[in-house]
Amino acid sequence: MTMKHKELTLAAALAVALVATTVAVPGLVDARPAYAVPVHEGGEDASFASPGSEDWDAAPAATLHLASAESGLPNASSTSVEQVDLQAVTTDDRLYLKLSWADATRDTSTADVRQFADAVAVQFPVNESARPPIAMGGASNRVNVWFWRADGTDQELLAGGPGTTTPLDSTLGNASRYENGTWEVVLSRDRSAGGANRTEIPEAQDLDVAVAVWNGSNGERSGVKAASSWHYLALGGGPQGPPYELLLWAVAGAAIVVTTLVTVEGVRRTRGET
Amino acid sequence: MSSQSDGGGSDTPEDVDLAEGIDHQVAMVMDLNKCIGCQTCTIACKTNWTEGGGRDYMYWNNVETRPGSGYPKDWEEMGGGWTDDGSERQPGQLPDKEEYGRAWEFNHEEIFYEGSDEPLRPMDGAEWGPNWDEDQGAGEYPNSYYFYLPRICNHCTHPSCVEACPRSALYKREEDGIVLVDQDRCRGYRYCVEGCPYKKVYYNSVTKNSEKCIFCYPRIEGEGPEGEVRAPSCAEDCPPQLRLVGFLDDEDGPIYKLVKEHEVAVRLHPEYRTEPNVYYIPPFAPPQHSERGESLDSERIPRNYLEELFGPEVNEALNTIERERDKVERGEESEVMDLLTTENPAKQYRLEVFDEE
Ligand code: SF4
Ligand code: SF4
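Residues numbered from 1 in each chain as written. Chains lettered and ligands numbered in written order. Predicted model: local features only at pLDDT ≥ 70, side-chain atom pairs only at ≥ 80, totals over all residues. Heavy atoms only, no water.

- Going by an unreviewed UniProt entry, chain B carries the name Respiratory nitrate reductase beta subunit and comes from Halorientalis regularis.
- UniProt annotates chain B under Subcellular location (unreviewed entry) with the comment "Cell envelope". (UniProt positions renumbered as here; feature names shortened; annotations may be inferred.)

- If you look chain A up in an unreviewed UniProt entry, it shows as Complex iron-sulfur molybdoenzyme family reductase subunit gamma from Halorientalis regularis.

Structure, rendered in structure tokens:
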């Protein structure tokens, strides 16, 4: 009996250690991005139009990893921004997105031949039934782009592949601030599409989303951009944000514990200890 | 217009390569021996197309002194164009605004209205501008030399500006090969500015778009003064009338004859491989002089400098022109010299030959 007790204690300790590592591992190696971007429901009194509003603190952020987009343009692979934090808030009639990313240079001017401004863009499928090609959509599967540039302008664009963006009349709201080497940009729009070629923000269905960032002083513009892969706004009420990632690892951890216990028990039985 | 889109009509001369999908190609020949550097062409262009609205620094037509740095400064060192075999684009640079030269503020106010005794001059440090090195040239007295080089967009047959644009905002017009920037498609990315080895596309920071020479297309379409078909302003306003304008594929026109038949008009920097459609009659200069003022049997403008600018073809061109000049001196007929000295506008400007198509 003492022997068995010892073993069980050992197994339990082992299991706890395993669970602890498995839970800690994603933080250390970030093995898998979670493609879900949690959506926070904004209360009636809350305000999200400005990136500095404290109400944003209640909205969980998803970190989107960026890589140089593929394009035949000069210096296409030398983009400088590596990640962007995306927060999403819905109210009854509006979708607010807050994008935050580190950029050591604040480039707001396009007044000289050699000056390019920092910029960010969010891309949605026009029609949510199928996921468009990541590079600006495709001819039969177009995307809507919400584009903000650091000279304070915003644009709503329609695109069906690289080099095809066409401006729509912008119905966006935008606000931004730059502090401590970080851009924070809020883009918002009515949830209802209000016309053809505009993405309707659904009530209870996930919506694909991708992000791109340009660092102006690095000569980034057009297809020379740091872009994410497709993620989705978890509007469908699925698992939310970071817990989703943790949940996966916890399940994996539990599975490992069970496997360990079963193995220990198996070994014990083989030794004929029961 | 012709319905063909396979590069020229069936009557395109065999030795003329038109760009794919182009019916005809406008072209210009400039005789560098006649340019007096007066900049009338520059101002004619400016008053027509580039006054204000973010265009102050732009000279779609500029005239620079050679040898010299040109406009923008040292544009020949800024890359762009194609590799030697013409298959791949070369990376290019964006000029700095100082390399174009800023629009200076002058002390007009002080001098004209406030009684200042100061000389009229730019108020802030003017250190560079278009044709800043005017008449400097090269060589030592008594054998110094220079000439003027008027430059516009070459409306190239193989334009690297068009190829550089990720949005296909630049294009060659089907009817005459004029290269234009579609202002609705342009998003100001400036890959065309980088990509043109002649630096003949300009960024407008007010409209946030790129702009360039349009070969005065409204004039050649008959939208000019008095509703007549007119050659581009830079050509018509030139006091010594050194520009001939027409179509490269018009076998009876002056361009075809000078470029293809007699091969006396050559391209600027053919090694950029954009196949320009502006051609130059290379400059002659008096021979070198001795200290005592005697003519020597030695060329004043070094041949290798002209080869640097116009490629090896310049040698044959110069030889031919010399032969033709000698013919005229002997009282013989010379079609080349007739074409280069005509004062008949109908022979200088042939722009309506394909109108019936
Ligand atoms: S000169 Fe430059 S801008 Fe003009 S067509 Fe050629 S490459 Fe394009
Ligand atoms: S107007 Fe004629 S002569 Fe005067 S600078 Fe221009 S090309 Fe030369």
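Picking up after the structure, the text goes on.
1. Focus: the overall build of chain A
- Regarding its fold elements, chain A presents two helices and 15 strands.
- Taken across its 274 residues, chain A has 44% of its residues classed as buried.
- Partitioning the contacts of chain A with sequence separation of at least 6, the portion at a separation of at least 24 is 62%. (Helix = DSSP H or I, 4+ residues; strand = E, 2+ residues; numbered from the N terminus. Buried < 20%, exposed > 50% of the residue type's maximum accessible area, 1.4 Å probe, protein only. Contact = heavy atoms within 4.5 Å.)

2. Focus: the site of ligand 1
- In the vicinity of ligand 1, the contacting residues are B:Cys153, B:Asn154, B:His155, B:Cys156, B:Pro159, B:Ser160, B:Cys161, B:Val179, B:Cys196, B:Tyr198, B:Val201 and B:Lys212.
- Class assignment for the residues of the shell around ligand 1 results in eight nonpolar, three polar and one charged. (Near = heavy atom within 4 Å. Nonpolar A, V, L, I, M, F, W, Y, C, P; charged D, E, K, R; others polar.)

3. Observations concerning the site of ligand 2
- Around ligand 2 lies a shell of 14 residues, among which B:Cys35, B:Cys38, B:Gln39, B:Cys41 and B:Cys238 are the nearest.
- Tallied by class, residues from the shell around ligand 2 come to 10 nonpolar, three polar and one charged.

4. Thoughts on helix α10 (residues 313–329) of chain B
Residues and elements named next belong to chain B.
- When the terminal C-alpha atoms of α10 are compared, their 25 Å separation across 17 residues agrees well with the 24 Å that a helix rising 1.5 Å per residue should span.
- Against the buried residues of α10 lie β9 (266–267), β10 (278–281), α9 (303–310) and α11 (335–341).
- Immediately downstream of α10, the backbone of Gly331 shows phi near 85°, a positive value. (Expected span 1.5 Å × (residues − 1).)

5. Let's talk about the nonpolar core
- Core analysis: the largest hydrophobic core is formed by 66 residues, its most contacted members being B:Met28 and B:Phe310.
- Of the residues forming this core, the biggest block, four residues, is contributed by α9(B).
- Ignoring sequence-local partners within four residues, the contact set of B:Met28 consists of B:Ile152, B:Phe215, B:Pro232, B:Cys234, B:Ala235, B:Arg243, B:Leu244, B:Val245, B:Ile255, B:Asn277, B:Val278 and B:Tyr279.
- A:Ala88, A:Ala117, A:Val120 and A:Val213 belong to the second-largest nonpolar core, a separate cluster that totals 32 residues. (Core = buried A, V, L, I, M, F, W, Y, C linked by side-chain atoms within 4.5 Å.)

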